[in-house]
Every structure is written in C-alpha cells, then in structure tokens.
Amino acid sequence: MNRILIPLFALFLISCARVQTLNLAPHNYSERPQHILWIQVAGFSEEHIPLLRFNVSEAAHKTNLEQVDCVGKMWNYNLYQLRPDAGKSFLSQINGSQNIKGTCEDYENTPAWSYLQVIGYTVGVLESGANKDQSLESSLGCSNNKTIDLAKTRYWKMGPDAAGTSQKTFHYQDSPEQARAAAVPGLYYDRSCQKGICYSTLSNNFKTMWNQMNKDSAKTFFIVRDFNFQNALKKKDISLAKEALQEIDRLISTIDRSKASELLIIVSGAEALPIEFPLQGKAWSDFEKSGKNIIYKTSSLMSPVLATGAMSENFCGIFDESEMMKRVIYKPEGKVLNYDAVNPF
C-alpha cells in the first residue's frame, strides 16, 4: 500500500507548488543558458525605444527591445573618469574591472567569455561601427593581451582591414562551406566593408554567424558590439539613428526562441546619449518627417541593461557597470527546496 501512497503524495506536493514568475510570466530561476547573446549598443538608453515604438501604425505593437523579462541600470564610471566613453565602459562590462585607462593594460584582464570557454562554450564576437580606439582589434597589438585569443575566439569585424594583411574574410551570402570556414577561431573582415562603407547589414551578418555557431556547438556565447547608433546620434542624424536601432531590433527577431529556456539575451548600453522628443502635434509630425524638434543632452550617468530568458533575473536592479561580467557568468551552486511547495496552508 505504501508503494502506491508515496508516489501519489509526492505528485500532490508537486502539483501544489507555486508557479515561479518574472515580469508576470513563468520563469525558471538559476537555469544556466545553453546559448548567450550579449548586444552592446553604444549611446543606447531605454528612452530611445520610442524611435521604434512610434514608427509603426499598430498602437499595441511591442518591439523586441520591450519584450524583456528584466530591466536594470548601470552606473557609468571607473577609477579615473565619470562618464567614460563607450569603448571603455564596454571593456569594464566585459572584464569586470574599473581599472580602465585606455592603454594595453586594459586588455590584461580576463573577459567574461574566457570563463565560459572553460566550461565548453564556443565564443564569437561581431563588431560594427567601432573606430580604432573602440575596437577590440587594438588588443591584438598588446603583449599581455587576454581579451581576444584568436586561437579560441571567432572575431568578425565589419570594417576595413587597415593593414591589408589579412586573408580571412566573410560575407553573409557565403556558401555553407565558406560560412563554416569563417566560423573557426580567427579574425575575419567583412568583404563588403573594404571600401569604407559596409554594404552588408549587421542583422544579416549576425544571422549567418549565429546560425552557423549554433549548428556547430551545443553551447555558445555571442557578443555583438555596435557603435553605429552612437555615431548617428553624435551627428544628430535621427533617421540614421533610427535605422541603426531598427537593425538591433531586427537582429533579435532573427533568433529562434522556440527553446527560450536555453537562451539568454542581454542588451546593454554605454555612454547613453538621451534625447528629448517633441511634445505632440505638428512638432511631432515634423520630427517623424525630418528629425526636427529634438533636443540633444549630455551623456547620462547611468545606462540600461535589458535581459530576457534563462538567468535574466541576474540583471535586475542598479549596479556598477563593472559588475556585468559577474552577472553574466554567475550561477548559484544549487537550487534550494521551496518550502511553499510543501506548505498546505
């Protein structure tokens, strides 16, 4: 008789357990994702989302940047600067250090992806719109560089090969064989960017490389570093800025989320450049047509973090940007029994 009662009692306890939620949706806590996508968008603030939201006719439409589980805010400072530039802030987020000087010493820190490589993750880095000082390519000239190890990391750069020495290139329209060849560790330049202007889009390049990495590896970490949005804002070109942000939204939409419990998507900003939108009426109409009536402000002291999927709970709250690395790689030792599940009252 006991052999029948014990399983039935266990089933009863499980059925009485509360459904865990985050942002009013079911959520499994402390589940390490199999696939991590981290998008760093220079200049981005959550206040920029209206550039996407009010660009469609359907009022109830939600952009991909809105469909997140958790929103956090990061303080932007390091040991030497209040409001460091985006390149320095991104390094601080990646390697968990506030000791960022803008020298080769910055690249001596171990980045988040190195810790994930140890436990079996395949790593890819896609970079677009970065100048010489912002690009991780500058780390390759440093003697004690730990940031980019081309023997382990796939590094795709949407920009010209300034030295003209690399034979490795990629293009989103490559054949399957060429795509596989560009998905092994090494540095690759986008063939469409070799004349100063990139004719490929960020979302198309991402889709090709992301799909290839996920075919080849059971566990992946992919980081996108985009400076195009910030470049457009600094030029006060709202149309170009809107296009750059739409590319980020499109990029996210290319991902198959059928196994959402195995995926973590993070979008983080740095050197956020807020803008003040017009009130309404004709001023708003003129803004939609030509980008007029926008007030540009100085960079913020805080930048946003948007997260959805497995372990997105790690990115709620307010914290220093140097804490991002810890939150990306952090996982509790093990789950603790939730006594709510066995409480009959």
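None of the values given here were measured: they were computed from a predicted structure.

Some details on helix H6 (residues 202-216)
Here is step 1 of the chain: Along its 15 residues, H6 runs 21 Å from first to last C-alpha, staying within 8% of the 21 Å computed at 1.5 Å per residue.
Here is step 2 of the chain: Every buried residue of H6 is listed here: Leu-202, Ser-203, Asn-205, Phe-206, Thr-208, Met-209, Trp-210, Gln-212 and Met-213.

Things to note about the packing of aromatic side chains
Here is step 1 of the chain: What the rule picks out here adds up to six aromatic pairs.
Here is step 2 of the chain: Here the aromatic rings of Trp-113 and Phe-221 are separated by 6.3 Å at their centres, their planes lie at 45°, and the arrangement is tilted. Of the two residues, Trp-113 sits in helix H4 (residues 112-118) while Phe-221 sits in strand S9 (residues 220-226), which places them 108 residues apart along the sequence. Accessibility assignment for this pair places Trp-113 and Phe-221 in one class, buried.
Here is step 3 of the chain: Linked through ring pairs, Trp-156, Phe-206, Trp-210 and Phe-222 together constitute an aromatic cluster.
Here is step 4 of the chain: Lying across the ring of Phe-319, Arg-327 places its NZ or CZ 3.8 Å from the centre.

A short note on the nonpolar core
Across soluble globular proteins, nonpolar side chains have a tendency to be buried as a group.
Here is step 1 of the chain: Core analysis: the largest hydrophobic core is formed by 44 residues, its most contacted members being Leu-37, Leu-65 and Phe-222.
Here is step 2 of the chain: Leaving out residues up to four positions away in the same chain, Leu-37 has contacts with Phe-206, Trp-210, Phe-222, Val-224, Leu-251, Ile-255, Leu-264, Ile-265 and Ile-266.
Here is step 3 of the chain: One finds Trp-38, Ile-94, Val-123 and Phe-319 within the second-largest nonpolar core, a separate group that totals 28 residues.

Considering the environment of Gln-93
Here is step 1 of the chain: Its location among the elements puts Gln-93 in helix H3 (residues 86-95).
Here is step 2 of the chain: A relative accessible area of 0% places Gln-93 in the buried class.
Here is step 3 of the chain: Sequence-wise, Gln-93 and Pro-111 are 18 residues apart; in three dimensions their C-alpha atoms are separated by 8.8 Å.
Here is step 4 of the chain: Dropping the residues within four chain positions of it, Gln-93 is found in contact with Trp-38, Gln-40, Met-74, Ser-268, Gly-269, Ala-270, Glu-321, Met-324 and Met-325.

Description of the confidence of the model for the protein
Here is step 1 of the chain: In this model, the protein carries a mean pLDDT of 88, and residues with pLDDT of at least 70 account for 88%.
Here is step 2 of the chain: Considering only residues more than four positions removed or in separate chains, one finds that residues 336-345, a stretch of pLDDT under 50, has five contacts.

Some points on the state of the cysteines
Here is step 1 of the chain: Going through the model one piece at a time under the given rule, you end up with three disulfides.
Here is step 2 of the chain: Here Cys-70 is linked by a disulfide to Cys-316, with a sulfur-sulfur distance of 1.7 Å. Taken together, the positions of Cys-70 in strand S4 (residues 70-75) and Cys-316 in the loop between strand S13 (302-309) and strand S14 (317-320) put the pair 246 residues apart, joining distant regions of the chain.
Here is step 3 of the chain: Assessed through its relative accessible area of 2%, Cys-70 is described here as buried.

Focus: a nonpolar patch on the surface
Here is step 1 of the chain: Where nonpolar side chains cluster on the molecular surface, the patch consists of Trp-75, Leu-82, Leu-301 and Ile-318 and spans about 400 Å² of accessible area.
Here is step 2 of the chain: Here Leu-301 lies in the loop between strand S12 (295-296) and S13.

Overview of helix H9 (residues 281-290)
Here is step 1 of the chain: For H9, the full list of buried residues reads Trp-284, Asp-286 and Phe-287. Around the axis of H9, the buried residues are gathered within 160° of arc, so they sit on the same side. Turned more than 90 degrees away from the buried face of H9, the exposed residues are Gly-281, Lys-282 and Lys-289.
Here is step 2 of the chain: On the buried face of H9, the contacting elements are helix H2 (50-53) and helix H8 (238-253).
Here is step 3 of the chain: Directly beyond the C-terminal end of H9, a positive phi value near 80° is found at Gly-291.

Points about the environment of Lys-168
Here is step 1 of the chain: Position of Lys-168 relative to the elements: it lies in the loop between strand S6 (153-158) and strand S7 (169-170).
Here is step 2 of the chain: In this structure Lys-168 comes out as partly exposed when scored by relative accessible area, which is 40%.
Here is step 3 of the chain: Considered as a pair, Lys-168 and Arg-191 are 23 residues apart in the sequence and their alpha carbons are 9.3 Å apart.
Here is step 4 of the chain: Once residues lying within four places of it in the same chain are set aside, the contact partners of Lys-168 are Pro-185, Gly-186, Leu-187, Tyr-188 and Tyr-189.

Cut-off values and rules
- Residues numbered from 1 in each chain as written.
- Predicted model: local features only at pLDDT ≥ 70, side-chain atom pairs only at ≥ 80, totals over all residues.
- Heavy atoms only, no water.
- Helix = DSSP H or I, 4+ residues; strand = E, 2+ residues; numbered from the N terminus.
- Expected span 1.5 Å × (residues − 1).
- Buried < 20%, exposed > 50% of the residue type's maximum accessible area, 1.4 Å probe, protein only.
- Phe/Tyr/Trp six-rings, centres within 6.5 Å; stacked < 30°, edge-to-face > 60°.
- Lys NZ or Arg CZ within 6 Å of the ring centre and 35° of its normal.
- Core = buried A, V, L, I, M, F, W, Y, C linked by side-chain atoms within 4.5 Å.
- Contact = heavy atoms within 4.5 Å.
- pLDDT = per-residue confidence, 0-100.
- Disulfide = S-S within 2.5 Å.
- Patch = residues over 30% accessible without salt bridge, like charges linked within 9 Å, V, L, I, M, F, W, Y side chains within 5 Å.
- Areas by Shrake-Rupley, 256 points an atom, 1.4 Å probe, with all protein chains shown as cover.
- Salt bridge = Lys/Arg side-chain N within 4 Å of Asp/Glu carboxyl O.
- Arc of directions from axis to C-beta.

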